[in-house]
Amino acid sequence: MPDRSLSTDRHLPDIHVRYRDGSAIVLRAAQSSHRAQKLADPPDRIAWIGGWGRDMVVLFPYGPKEERPYAVPAFALTEREDA
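What comes next is a walk through the structure. The numbering scheme is per chain: residues are counted from 1 as the chain's sequence reads. Reporting of local features is limited, given that this is a predicted model, to residues whose pLDDT is at least 70; pairs of side-chain atoms are given and counted only at 80 or more, and all residues count toward the totals for whole chains, interfaces and linings. Just so you know, side-chain values use all the structure's heavy atoms and leave hydrogens and water out.

### Considering the overall build of the chain
To keep it simple, the criterion reads: Elements are defined by DSSP. Helices are runs of H or I of four residues or more, strands are runs of E of two residues or more, and each kind is numbered from the N terminus. Buried, partly exposed and exposed residues are distinguished by accessible area as a fraction of the type maximum, computed with a 1.4 Å probe on protein chains only: under 20%, between the cut-offs, and over 50%, respectively. Residue contacts are defined here by distance: any two heavy atoms, one from each residue, within 4.5 Å place the two residues in contact. Accessible surface is estimated by sampling points in the Shrake-Rupley manner with a 1.4 Å probe; for residues, cover comes only from the protein chains shown.
Across its full length, the chain carries 0 helices and 5 strands. Secondary structure elements in the chain, listed N-terminal to C-terminal, are β-β-β-β-β. Out of the 83 residues belonging to the chain, those deemed buried represent 27%. Once local pairs closer than 6 in sequence are excluded, the contacts in the chain between residues at least 24 apart make up 44%. When the accessible surface of the chain is summed, it comes to about 6,100 Å², and 53% of that surface belongs to carbon and sulfur atoms.

### Quick look at the pairing of strand β4 (residues 55-60)
This is how the line gets drawn: Two strands qualify as a pair provided that DSSP identifies no fewer than 2 bridges between them.
Burial of the side chains of β4 is restricted to one face: Met56, Val58 and Phe60 are buried, whereas none of Asp55, Val57 and Leu59 on the reverse face is. Sheet topology places strand β3 (residues 48-52) next to β4; 5 bridges connect them, and they run antiparallel. Each bridged residue has a counterpart across the sheet, and for Gly50 the counterpart in β4 is Val57. Between β3 and β4, which pair antiparallel one after the other, the connecting turn spans 2 residues, and Gly53 there sits at a positive phi close to 65°. Here β4 runs beside strand β5 (residues 70-76); their pairing, made up of 6 bridges, is antiparallel. Pairing of Asp55 across the sheet is with Phe75, part of β5.

### Overview of the packing of aromatic side chains
Given two aromatic rings, their pairing is described by the distance between the two centres and the angle made by the two planes. Under the convention used in this document: Two rings from Phe, Tyr or Trp (for Trp, the six-membered ring) form a pair when their centres sit within 6.5 Å of each other. Planes less than 30 degrees apart are called stacked, planes more than 60 degrees apart edge-to-face, and all others tilted. A ring is scored as having a charge over it whenever the NZ atom of a lysine or the CZ atom of an arginine sits within 6 Å of its centre and within 35 degrees of its normal.
One pass over the structure, following the stated rule, counts 0 aromatic pairs. The ring of Tyr19 is capped by Arg80, whose NZ or CZ atom sits 3.6 Å from the centre of that ring.

### Examining the nonpolar core
Filter applied, for reference: Residues enter a nonpolar core if they are buried and are Ala, Val, Leu, Ile, Met, Phe, Trp, Tyr or Cys, with the set joined through side-chain atoms within 4.5 Å.
In terms of nonpolar packing, the biggest core is built from 12 residues, these being Ile15, Val17, Ile25, Leu27, Ala29, Met56, Val58, Phe60, Tyr70, Val72, Ala74 and Ala76. Mapped by element, the contributors of at least two residues to this core are β1 (14-18), β2 (24-29), β4 and β5. Here the element with the most residues in this core is β5; it accounts for 4 residues.

### Focus on the sheet that holds β5
In plain terms, the rule: The angle between two axes is taken between their N-to-C directions and runs from 0 to 180 degrees, where each axis is a line fitted to C-alpha atoms and a helix contributes only its stretch in contact.
With antiparallel pairing, 5 strands are arranged side by side in an open sheet as β1-β2-β5-β4-β3. The outermost strands of the open sheet, each flanked by one partner alone, are β1 and β3. Neighbouring strand axes in the sheet, compared pairwise and without regard to direction, differ in orientation by 35° on average.

Interpretation note: all reported values are geometric properties and have no functional meaning in isolation.
Following this line, the structure appears as structure tokens:
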């Protein structure tokens, strides 16, 4: 779930990921034309995570009328922590 940026001077949103196995990682949205901030609500959204190493992409389901996911490029801030 992306956090909310409180000012324009702040970094791009962090995305807190919890995998099905209970492990977790924190990603930071990378600069792109897709903004992660508007996806902060509702929390605990289901998303698909892809990538390797620090380079990742988060695919959020966009909505019931939209067939394709909303892609947010991101990079890892932390190592994946096992549950």
